[in-house]
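Coordinate analysis (summary)
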Amino acid sequence: EDPALLHEEVHDPRRRDFINIAAVSFAGVGAIAIVLPLVNQMNPSADVLAQASTEIDISKIAPGQAIKSSFRKQPLFVRNLTPAEIAAADAVSLNELRDPQSLEERTKAGKKNWLITLGVCTHLGCVPLGAGEGENKGPFGGYFCPCHGSAYDTAGRIRQGPAPTNLHVPEYTFNSDTVVTVG
Ligand code: FES
């Protein structure tokens, strides 16, 4: 066999172009396959938004405890603040806050102990810790996001780290002393 011919075959520019195009197309399809589900997750369909509200039994949540639930496919934290946690939140001057809101504004009148927020860090969407038994509540006693260290206080307000805003408070109403409807 002529070695020059073999050399020519491997380095045939058309053949190399084909291989390159094939590799790029394959990578492109892979990227779309990865990105599409993420885009879908970030844009909840009208179906999800129109979903029925969530009813939560709050009768078993003791002061100082929180539970994780879910609302429209997102984590939801329901927390029964102790008098000390309420006092800690009220003691903070609004001027010190990145996203100034009082605990009063973030809860229902007369039920300042019930803090109901989405369990979604406002930085890049991780689920903060602090709603489970023994979880790290962070330096401000509320919630702590392990992804990049955002720390929220007992009113769910951002106090440290990269998150730009407080944990989101969804619409909710108390049906009774033991049941709250979110949404
Ligand atoms: Fe929570 Fe970045 S996602 S700090």
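The model shown is predicted, which means the values in this text are computed figures rather than measured ones. (Residues numbered from 1 in each chain as written. Predicted model: local features only at pLDDT ≥ 70, side-chain atom pairs only at ≥ 80, totals over all residues. Heavy atoms only, no water.)

Details of the side chain of S150
When you line up the elements, S150 lands in the loop between β5 (141-144) and β6 (151-153). Within the local environment of S150, its side chain forms a polar contact with the backbone nitrogen of A163, the two atoms lying 3.0 Å apart. Setting aside residues up to four positions removed in sequence, S150 forms contacts with C121, H123, Y143, F144, C145, I158, Q160, G161, P162 and A163. (Helix = DSSP H or I, 4+ residues; strand = E, 2+ residues; numbered from the N terminus. Polar contact = N/O pair within 3.5 Å; in protein donor to acceptor, adjacent residues only side chain to side chain. Contact = heavy atoms within 4.5 Å.)

Section: the sheet that holds strand β1 (residues 54-57)
Read from one edge to the other, the open sheet built from three strands follows the order β1-β9-β8, with strand pairing classed as antiparallel. Unpaired on one side and paired on the other, β1 and β8 (172-174) mark the two borders of the sheet. With direction set aside, neighbouring strand axes in the sheet form an average angle of 25°. (Pairing = 2+ DSSP bridges. Axes fitted to C-alpha atoms, helices over the stretch in contact; angles between N-to-C directions.)

Considering the sheet that holds strand β7 (residues 158-160)
Strand order in this open sheet of three strands is β5-β6-β7, and the pairing throughout is antiparallel. Each edge of the open sheet carries a strand with a single partner, namely β5 and β7. Taking the axes of each pair of neighbouring strands and ignoring which way they run, one obtains an average angle of 40° across the sheet.

Considering the pairing of β1
Burial along β1 is one-sided: the face carrying T54 and I56 is buried and the face carrying E55 and D57 is not. Across four bridges, β1 lies against strand β9 (residues 179-182) in antiparallel orientation. Across the sheet, I56 pairs through a bridge with V180, a residue of β9. (Buried < 20%, exposed > 50% of the residue type's maximum accessible area, 1.4 Å probe, protein only.)

Let's talk about the pairing of β9
Pairing of β8 with β9 involves three bridges; the strand directions are antiparallel. Within β9, the residue paired with T173 across the bridge is T181. Turn length for the β8-β9 hairpin, with the two strands adjacent in sequence and antiparallel, is four residues.

Re the confidence of the model for the chain
When pLDDT is averaged across the chain, the result is 85; 73% of the residues are at 70 or more. Scored by ipTM, the complex comes to 0.99, with pTM at 0.74. (pLDDT = per-residue confidence, 0-100.)

Structural notes on the packing of aromatic side chains
With the rule as written, the count across this model stands at two aromatic pairs. Here the aromatic rings of F77 and Y143 are separated by 4.7 Å at their centres, their planes lie at 35°, and the arrangement is tilted. With F77 in strand β3 (residues 74-80) and Y143 in strand β5, the pair connects residues that are 66 residues apart, well separated along the chain. Accessibility expressed as a relative area gives 0% for F77, which makes it buried. Take Y143: its relative accessible area is 0%, and that puts it in the buried class. (Phe/Tyr/Trp six-rings, centres within 6.5 Å; stacked < 30°, edge-to-face > 60°.)

A word on the state of the cysteines
What the rule picks out here adds up to one disulfide. The disulfide that involves C126 links it to C147, with 1.9 Å between the sulfurs. Measuring the twist about the S-S bond at about -95°, one finds the C126-C147 disulfide to be left-handed. Within this pair, whereas C126 is found in the loop between β4 (114-118) and β5, its partner C147 is found in the loop between β5 and β6, the two being separated by 21 residues in sequence. Under the relative-accessibility criterion, C126 is labelled partly exposed at 22%. (Disulfide = S-S within 2.5 Å.)

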